[in-house]
Structures are given as C-alpha cells and as structure tokens.
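Summary of the model geometry
Each chain, written out:
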Amino acid sequence: MSKKLSFPKNKIKVLLVEGIHQQAADLFRAEGYQVELINTGLDEDELIDKIKDVRILGIRSKTQITQKVLDHAPHLLAIGAFCIGTNQIDLEACQEKGIIVFNAPYSNTRSVVELAIAEIIMLMRNLPDKIMAMHRGEWQKSASQSNEIRNKTLGIVGYGNIGAQLSIMAEAMGMKVYYYDIEEKLALGNAVKCQSLHELLALADVVSLHVDGRPENKNMIGEKEFAAMKDGVIFLNLSRGFVVDVEALQKAIEKGKVRGAGIDVFPKEPKNNSQPFESVLIGQRNTILTPHIGGSTLEAQINIATFVPEQIISFINSGSTTTSVNFPRLQLPVLEQGHRLIHIHHNTAGVLARIDQVLASHGINIIGQYLKTNEKIGYVITDINKQYPPSVMEELRNIEGTIRLRVLY
Ligand code: NAI
C-alpha cells in the first residue's frame with residue numbers, strides 16, 4: 001500500500017494571523033506541524049500571497065476569507081476562527097471546496113458571567129455615581145440606595161451557556177434565581193423557571209439578559225417590558241445590543257423605574273477603537289457602559305487558543321467534525337486499525353452507494369462506515385482493511401460530486 005496517501009504531519013503548514021495567542025501555535029507544533037505566527041491582520045492580497053501551501057489557517061474577526069482567497073488556497077483543509085463570529089468567512093464557498101470551519105462559541109462564557117456579577121454588586125451599591133462624584137472631588141458618604149445582593153432576586157432571560165452559569169454563581173452568592181427561556185431548560189441548583197417573560201420581570205430585583213441574537217429578539221425589551229418590571233430594578237444587557245430599545249431604557253432610567261443599568265452591547269457599536277461611541281445612555285445616572293468587553297479577558301483568549309486547535313487536530317487525526325460551523329457534525333471513534341477514507345461530496349443521492357460499489361468491486365472489507373449530510377454536502381467516513389490497490393483512491397475521487405477525498409492511517 002502506498003505510504004504517500006496519509007499526509008506526513010511535518011509537512012502540514014499552519015498560518016496563524018491577527019495575533020492569536022501563542023498557546024495555539026504550541027498545540028499545533030506539539031502535533032508536529034509547521035507553524036507561522038503573524039501578529040497583524042492580512043488584507044486579501046497579502047493573504048493570497050501567503051496561503052498557497054497552507055493547510056490550516058487561523059484568523060480572528062478582522063481577516064476576510066473571500067472566494068478569491070479560497071481560490072488561491074488549493075491545499076487548505078481547515079479554518080479556525082479564533083473568536084465567536086464567523087461572518088468574516090464565506091462559509092458556503094468553504095463548503096464548496098471541502099474546507100471545514102471551526103470557531104469558539106463558548107470559550108468566554110465565564111468572563112461574561114464574572115462581569116455580570118461584578119456589575120450587579122456595583123449597581124446595588126450605586127457605585128458608578130459614587131465613583132464619578134469622588135473623581136469630581138465630592139465626598140458622598142451615605143448608605144442610602146446601597147444594598148447587598150444577598151437574598152435579592154435575579155431574573156435571567158435566556159438560560160443558555162451564559163445564563164445557566166450566571167445562575168450557579170449568583171446563587172452561590174446568596175441570590176434567589178428565576179429564569180425564563182423559550183426552550184425547555186433544566187433548572188440548575190435551586191433556580192426556578194418562569195412560564196413567561198412578564199412573570200419574570202414582575203419578580204426580579206435584577207433583570208439580566210442572556211438571549212441569543214436571533215432576529216425575533218430585536219427590541220424584545222421595550223417600554224412595555226420596563227413598565228412590567230419592579231420599581232427601582234437593576235437592568236443588565238451583556239447579550240446583544242439590538243434586543244433592547246435603548247430609548248425606552250433611557251426613559252426608564254430617567255423616571256427612576258430602573259435605578260441602575262449595566263450595558264455592554266449596543267444597537268450601534270463603533271467598528272473600531274478610533275470611531276466615537278454615541279448613545280442616548282451616555283451620562284445616565286448609575287449606569288455602567290462598557291465597550292462590548294464582556295468576553296474579553298486573557299483567560300478567554302487562552303481558552304479560545306486551546307479549544308480551536310483541539311477541534312482542528314481532532315478533525316485532522318480522526319475526521320471528527322463535532323463542533324464545526326459548516327460541516328455535517330460527526331463524532332468518530334479513534335481509528336485503531338485499517339485505513340479511514342474521508343469523502344466529502346455535494347449532497348446528491350447515491351454517493352454512499354457508489355463508494356460502496358467501488359470498494360466491493362475490489363473485494364475491500366468495510367470495518368465501519370458513518371454518514372452525515374447537511375443541505376449542501378455529504379460527509380462519509382469509511383474504515384477499511386489495509387490491503388487495497390492505489391487505483392481505488394482514483395476511482396473514489398472520480399465519483400461524480402466528489403469535493404475531496406482524504407485518507408488516514
Ligand atoms: P446560548 O445560545 O447558549 O443561549 C442563549 C439562550 O437564549 C438559549 O437558551 C435560547 O433558547 C434563549 N433565548 C433566545 N431567545 C430568547 C427569548 N426571546 N426569550 C428567552 N430566551 C431566549 O448563548 P450564550 O453563549 O449563553 O450567549 C448569550 C448571549 O451572550 C449571546 O447573545 C451572545 O452573543 C452574547 N455574548 C456576549 C459577549 C460579550 O462580550 N458581551 C460574549 C459572549 C457572548
């Protein structure tokens with residue numbers, strides 16, 4: 001059997017741009033790959049220049065992966081988005097070329113939760129106003145409008161990864177937790193599920209939003225919802241800017257309905273650090289405004305730089321696609337014996353049957369086979385006995401609709 005089929009690891013070139021944490025380079029090097037780490041972003045032409053021999057590309061949110069870039073990347077197998085979003089990548093073009101994309105959606109969960117806890121404590125003590133006064137040279141020693149968070153009621157809207165972790169931590173600090181989610185979610189600890197958003201709003205001393213960015217959530221918290229909250233509520237949004245009607249929030253703060261707000265995300269955010277920030281919330285009483293940094297910590301960066309390489313290495317070594325953004329998701333057993341054929345094809349009927357026909361015509365024994373499809377592509381993994389003529393690979397590549405064939409052993 002030809003040794004040329006499974007690609008030697010030391011020939012796998014990895015290009016990491018945009019100052020991805022060193023941890024990622026270390027993990028890839030430990031696998032035996034060649035790694036180039038660049039601290040800046042690359043524009044389209046610079047990337048095209050670099051990408052010819054690259055098999056694994058790591059980017060963050062600024063590098064645009066266009067059709068043109070992909071057309072110049074004949075060997076590219078995988079792209080790691082070392083961030084949450086993947087809008088900067090032409091995912092469909094990647095699929096067409098059999099290039100898998102991974103991201104790190106949950107690596108900064110804890111960071112967001114810690115900021116939320118910090119803000120709840122600060123707002124309960126009216127600290128933003130007290131701090132501002134001190135900076136103006138005013139001494140305002142008073143216990144008025146200062147509370148502990150113990151025994152207060154926290155209402156979490158959106159009980160996903162962040163909401164659920166906040167639930168545990170808030171409870172550990174003595175808060176009573178209620179939550180509302182549109183999906184069925186298991187209550188953690190002593191948290192109590194609410195049947196409706198309005199039920200939660202009426203109960204909570206602190207309302208914290210952790211919903212996702214689906215379009216229906218636009219302005220889900222507006223005038224009516226603020227009116228349904230307790231007088232003097234504390235309100236947090238560290239999820240997505242467009243889910244809150246900020247004009248309604250501003251009015252609620254001015255009326256004293258909301259006595260403190262922590263806002264990290266905004267309907268309109270500056271595109272970069274040199275653009276100004278504009279909002280009706282600027283200058284509002286007891287209001288913490290932060291520049292979308294809920295998830296921005298060094299620890300989150302390290303988590304991202306660990307999670308993404310682990311996913312890519314697992315894909316290279318076993319074909320697993322469990323957390324991929326654009327491939328059908330398959331968790332595969334480790335390949336103990338034999339060879340693993342990884343066949344990526346356009347999702348048309350009969351490809352699996354044709355793969356099996358080719359193998360049967362050579363009398364090749366299939367040890368295990370796995371198939372998963374999405375709308376566009378099919379992903380077939382076939383583990384076979386080691387003995388087969390090299391022409392089998394050619395025949396498999398020639399099956400109509402084949403995008404890519406890779407062999408592991
Ligand atoms: P997730 O997808 O795990 O959880 C979202 C939850 O919200 C889901 O359980 C979903 O069913 C629920 N949901 C959606 N619409 C709802 C509605 N109208 N009412 C009630 N529940 C609803 O997401 P994860 O990881 O917990 O993130 C939550 C939010 O935090 C996302 O919007 C994410 O973009 C944002 N985020 C913000 C960061 C920051 O820097 N401020 C960093 C990381 C995430």
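A short tour of the structure in this document, coming up. Counting of residues starts from 1 at the beginning of each chain's written sequence and follows it residue by residue. For a predicted model such as this one, the threshold for reporting local features is a pLDDT of at least 70, and the threshold for listing and counting side-chain atom pairs is 80 or more; totals across whole chains, interfaces and linings nevertheless cover every residue. For the side-chain quantities, the full set of heavy atoms in the structure was used; hydrogens and water were omitted.

The next subject is the sheet that holds strand β10 (residues 233–237). Any two strands between which DSSP finds at least two bridges are classified as paired. Starting at the N terminus, helices and strands are each numbered in turn, a helix being any DSSP run of H or I of at least four residues and a strand any DSSP run of E of at least two. Taken together, the 7 strands give an open sheet; going across it, the order is β8-β7-β6-β9-β10-β11-β12, and neighbouring strands pair in parallel fashion. Every other strand in the sheet has two partners, leaving β8 (192–193) and β12 (287–289) as the edge strands with one partner each. Relative to strand β9 (residues 206–209), strand β6 (residues 153–157) runs parallel, the two sharing 4 bridges. Residue pairing in the sheet places Val157 in a bridge with Leu209 of β9. Only heavy atoms enter the contact rule, under which two residues are in contact if any of them lie within 4.5 Å. Simply put, an axis is a line fit to the C-alpha atoms, just over the touching stretch for a helix, and the angle between two N-to-C directions goes from 0 to 180 degrees. Sheet strands in contact with helix α7 (residues 161–172) are β6, β7 (176–180) and β9, and its direction is about 170° off that of β6.

Here we come to the site of the ligand. Nearness is defined per residue: one heavy atom within 4 Å of the molecule or strand is enough. Taken together, 27 residues sit near the ligand, with Asn161, Ile162, Asp181, Val211 and Asp264 positioned nearest. In this structure, an oxygen atom belonging to the ligand sits 3.1 Å away from a side-chain N or O atom of Lys185. Within the backbone of Gly294, one N or O atom sits 3.3 Å away from an oxygen atom of the ligand. The fraction of the free accessible surface of the ligand (860 Å²) that becomes covered by protein chains is 88%. Here the residues of the shell around the ligand sort into 10 nonpolar, 10 polar and 7 charged. Contacts described as polar in this section are N or O atom pairs within 3.5 Å, which, within protein, must combine one atom able to donate a hydrogen with one able to accept it, while residues neighboring in sequence count only if both atoms come from side chains. Per-residue and other accessible areas follow the Shrake-Rupley method at a 1.4 Å probe size, with only the shown protein chains counted as cover for residues. Each residue gets one of three labels, nonpolar for Ala, Val, Leu, Ile, Met, Phe, Trp, Tyr, Cys and Pro, charged for Asp, Glu, Lys and Arg, and polar for the others, Gly among them.

What follows covers helix α5 (residues 109–124). One turn of an α-helix holds 3.6 residues; hence residues three or four places apart share an orientation. The span you would expect from a helix comes to 1.5 Å times its residue count less one. When the terminal C-alpha atoms of α5 are compared, their 23 Å separation across 16 residues agrees well with the 22 Å that a helix rising 1.5 Å per residue should span. Working definition: with a 1.4 Å probe on protein chains only, accessible area under 20% of the residue-type maximum means buried, over 50% means exposed, and in between means partly exposed. Among the residues of α5, Thr109, Ser111, Val112, Val113, Ala116, Ile117, Glu119, Ile120, Leu123 and Met124 are the ones counted as buried. Just downstream of α5, Asn126 is the residue with a positive phi angle, here 60°.

Moving on, we come to helix α11 (residues 298–318). A rise of 1.5 Å per residue sets the reference length of α11, with its 21 residues, at 30 Å; its end C-alpha atoms lie 30 Å apart and thus fit the reference within 8%. Inspection of α11 places Ala300, Ile304, Ala305, Thr306, Val308, Pro309, Gln311, Ile312, Ile313, Phe315, Ile316 and Ser318 among the buried residues, and these make up the whole buried set. Gly319 lies just past α11 and shows a positive phi near 90°.

At Glu18, a residue that is not glycine, the phi angle is positive and equals roughly 65°. Looking at where Glu18 falls in the secondary structure, it is placed in the loop between β1 (13–16) and α1 (22–30). By relative accessible area, Glu18 is classed as buried at 11%. Of note in this structure, His292 is not a glycine but carries a positive phi near 50°. Mapping His292 onto the fold places it in the loop between β12 and α11. By relative accessible area, His292 is classed as partly exposed at 39%.

Attention now moves to the sheet that holds strand β5 (residues 100–102). Here 5 strands make up an open sheet; going across it, the order is β2-β1-β3-β4-β5 and the pairing parallel. Of all the strands in the sheet, the pair left with one neighbour each is β2 (34–37) and β5. Neighbouring strand axes in the sheet, compared pairwise and without regard to direction, differ in orientation by 15° on average. Here β1 pairs with strand β3 (residues 56–59) via 3 bridges, running parallel. Residue pairing in the sheet places Leu15 in a bridge with Leu57 of β3.

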